[in-house]
Amino acid sequence: GNSVTQMEGPVTLSEEAFLTINCTYTATGYPSLFWYVQYPGEGLQLLLKATKADDKGSNKGFEATYRKETTSFHLEKGSVQVSDSAVYFCALSDRGGGATNKLIFGTGTLLAVQP
Amino acid sequence: GAGVSQTPSNKVTEKGKYVELRCDPISGHTALYWYRQSLGQGPEFLIYFQGTGAADDSGLPNDRFFAVRPEGSVSTLKIQRTERGDSAVYLCASSLIGGTTGELFFGEGSRLTVL
């Protein structure tokens, strides 16, 4: 079945460092791919998405490119801030034969940014 | 507020007891999802509603778990004869039906602890 694998954390970086969180997927068909973020004490929220191969999703300085040839959707940011400290989840939409938005999530990666 | 609301935020119960968790989705969102998140794991799909009907309940772990959405808005997740392994954060999400964005809007979750 469809699945998502993302790098384990925690990832600890200093402010202004470059961030990469790896995510690879297994899926039949052409799923949409997502990064969700969970800040301390808050619910999961969508960070960015890409719906087809070679699409780049971007938001708040974060980027991820849908790579069909490597089945990857790695999250990157050029210069992290303390406020980026959160848990990041990679996900794919398991649309099956219908129009549901059922998501399959990775295990999450905790990012801790130190001043 | 206009977001997804879940109650209670925390529930402690004893093994064997019955528990109800409530979700109030964003107004106008006809799709509603329940997920379960165990410690150190990503959210795991439980059930999806289109309006009043459960369109996909393939994630419910066994017949102790049941969910309803009688009027197509508020949903209740019901767990009978709770077990210690049911301890987790139960997340509710809503979205526009048939949407192609794949964005789910999550509540902050109900943390269930079974002693």
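Residues numbered from 1 in each chain as written. Chains lettered and ligands numbered in written order. Predicted model: local features only at pLDDT ≥ 70, side-chain atom pairs only at ≥ 80, totals over all residues. Heavy atoms only, no water.

A.B. asks: I tried to follow the overall build of chain A on my own but got confused; where do I start?
C.D. replies: For chain A, the helix and strand inventory stands at 0 helices and 12 strands. When the helices and strands of chain A are placed in sequence order, the string is β-β-β-β-β-β-β-β-β-β-β-β. At 14 Å, chain A has a C-alpha radius of gyration in line with the 13 Å of a compact globule built from 115 residues. Overall size of chain A, expressed as C-alpha extent along the three principal axes, is 45 × 30 × 20 Å. By the burial criterion, 46% of the 115 residues in chain A qualify as buried. Restricting the contact set of chain A to residue pairs at least 6 apart, pairs at least 24 apart contribute 55%. As displayed, chain A offers around 5,300 Å² of accessible surface, 48% of which is attributable to carbon and sulfur atoms. In chain A, 9 side chains carry a positive charge and 11 a negative one; their mean positions are 9 Å apart. (Helix = DSSP H or I, 4+ residues; strand = E, 2+ residues; numbered from the N terminus. Rg over C-alpha atoms; globule rule 2.2 N^0.38 Å. Buried < 20%, exposed > 50% of the residue type's maximum accessible area, 1.4 Å probe, protein only. Contact = heavy atoms within 4.5 Å. Areas by Shrake-Rupley, 256 points an atom, 1.4 Å probe, with all protein chains shown as cover. Lys, Arg positive; Asp, Glu negative; His and termini not counted. Charge placed at Lys NZ, Arg CZ, Asp CG, Glu CD.)

A.B. asks: Honestly, the packing of aromatic side chains in this entry has me stumped. Any pointers?
C.D. replies: For any two aromatic rings, the description comes down to two numbers: the centre-to-centre distance and the angle of the planes. In total, this model carries 11 aromatic pairs over all chains according to the counting rule given. Geometrically, the ring pair formed by Tyr35(B) and Phe45(B) is edge-to-face, given 5.8 Å between the ring centres and 75 degrees between the ring planes. Taken together, the residues Tyr35(B) in strand E4 (residues 31–37) and Phe45(B) in strand E5 (residues 44–50) connect sequence positions 10 residues apart. Just as Tyr35(B) is buried, Phe45(B) falls in that class too. Each member of the aromatic cluster is reached from another via a ring pair, and the members are Phe34(A), Tyr36(A), Phe89(A), Phe105(A), Tyr35(B), Phe45(B) and Phe106(B). (Phe/Tyr/Trp six-rings, centres within 6.5 Å; stacked < 30°, edge-to-face > 60°.)

A.B. asks: When you look at the sheet that holds strand E7 (residues 65–68) of chain B in this model, what are you seeing that I'm missing?
C.D. replies: Pairing between the strands of a sheet is mediated by backbone hydrogen bonds and can be parallel or antiparallel. All names here are of chain B. Overall, antiparallel pairing links the 4 strands, which are arranged E1-E3-E8-E7 in an open sheet. Single-partner strands in this sheet number two, and they are strand E1 (5–7) and E7. Between one strand axis and the next, the sheet turns by 15 degrees as a mean value, whatever way the strands run. The pairing of E1 with strand E3 (residues 19–24) spans 3 bridges and is antiparallel. (Pairing = 2+ DSSP bridges. Axes fitted to C-alpha atoms, helices over the stretch in contact; angles between N-to-C directions.)

A.B. asks: Quick question: what am I supposed to make of the state of the cysteines here?
C.D. replies: In a disulfide, the sulfur atoms of two cysteines are covalently bonded to one another. A complete count under the given rule lists 2 disulfides over all chains for this structure. Residue pairing for Cys23(A): its cysteine sulfur links by disulfide to Cys90(A), the two sulfurs lying 1.9 Å apart. Where Cys23(A) bonds to Cys90(A) through sulfur, the torsion about that S-S bond is close to -70 degrees, and the disulfide is left-handed. Of this pair, Cys23(A) sits in strand E4 (residues 23–26) while Cys90(A) sits in strand E10 (residues 86–93), and the two are 67 residues apart along the sequence. With its sulfur 1.9 Å from that of its partner, Cys23(B) forms a disulfide with Cys92(B). Judged by the torsion about the S-S bond (-70 degrees), the Cys23(B)/Cys92(B) disulfide is left-handed. (Disulfide = S-S within 2.5 Å.)

A.B. asks: Would you mind showing me how to read the environment of Gly29(A) here?
C.D. replies: Relative to the elements of secondary structure, Gly29(A) occurs in the loop between E4 and strand E5 (33–38). Residue Gly29(A) is classed as exposed on the basis of its relative accessible area, which comes to 53%.

A.B. asks: How should I be thinking about the pairing of E3(B) in this particular structure?
C.D. replies: Successive side chains on a regular strand alternate, one facing one side of the sheet and the next facing the other. All names here are of chain B. Covered by surrounding structure in E3 are Val19, Leu21 and Cys23 only, the residues Glu20, Arg22 and Asp24 on the alternate face being uncovered. With 5 bridges joining them, E3 and strand E8 (residues 75–79) adopt antiparallel strand pairing. Looking across to E8, one finds that Arg22 is bridged to Thr76.

A.B. asks: Would you take a moment to explain the side chain of Asp56(B) for this structure?
C.D. replies: Looking at the secondary structure, you find Asp56(B) in strand E6 (residues 53–56). Setting aside anything within four residues of it in sequence, one finds Asp56(B) in contact with Lys102(A), Phe45(B), Leu46(B), Ile47(B) and Tyr48(B).

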